[in-house]
Amino acid sequence: MIKKLFLLAVLLLSFSSTSLYAQENQEEKSYDSTARDYFLSLFDTTMMEIVVVSYNMAITHEDYAMISLESMKNNLMSAWWWDMDEFYINQLYHHYQGRMYFITGRENGLGLWEYFIKNVYGTLMWEYFMEIDTPAVNDFITTSITGPFVGEMFHRTYKLLDKNFIPLAILISPFDALCELI
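Residues numbered from 1 in each chain as written. Predicted model: local features only at pLDDT ≥ 70, side-chain atom pairs only at ≥ 80, totals over all residues. Heavy atoms only, no water.

Visitor: What exactly am I supposed to notice about the overall build of the protein chain here?
Guide: The secondary structure content of the protein chain amounts to eight helices and zero strands. For the protein chain, the sequential pattern of α-helices and β-strands runs α-α-α-α-α-α-α-α. Counting all 182 residues of the protein chain, 44% fall into the buried class. Within the protein chain, contacts between residues separated by at least 24 positions form 77% of all contacts whose residues are at least 6 apart in sequence. Carbon and sulfur atoms make up 70% of the accessible area of the protein chain, which totals about 10,600 Å². (Helix = DSSP H or I, 4+ residues; strand = E, 2+ residues; numbered from the N terminus. Buried < 20%, exposed > 50% of the residue type's maximum accessible area, 1.4 Å probe, protein only. Contact = heavy atoms within 4.5 Å. Areas by Shrake-Rupley, 256 points an atom, 1.4 Å probe, with all protein chains shown as cover.)

Visitor: Could you clarify how one ought to interpret the environment of N74 in this entry?
Guide: Position of N74 relative to the elements: it lies in helix α3 (residues 69–77). Its relative accessible area of 38% is what places N74 among the partly exposed residues.

Here you go:
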């Protein structure tokens, strides 16, 4: 039941915020090349992946999260395939995870192409090292390519609400709040 409510909330927010925030928020800080922090962005992504896989191992006891050095080696040596996960995993959770990678770059001043490159980094790291399943082509495409689009919607909504509705902003995009905190 909680999974269904979460999925419904993500869908409603995604669809409702698509056109509302099409223009860049004028109050957002602008970054120059000296303000970009590539290392911190990669560190944020890595730490968030470790938190997610640790949660899946310790709390939900998901089979795919029971990683080991052997599973990592197997993933590095195996051919990629097309997985047949449930619709909500492939079409919702992967977008959401790609959004996490995007936001860690956005909050650290990376530019548009840098977001996409960082999403590829996050996705490859997940596929090779954070699950026991062999890397999947469709997971890679969905997470690394669509993540920035979903992430931008959530990021702009967070920035819009951050000044006056802080609890709602944190609820909508906890990754933005966490990156600001770090």
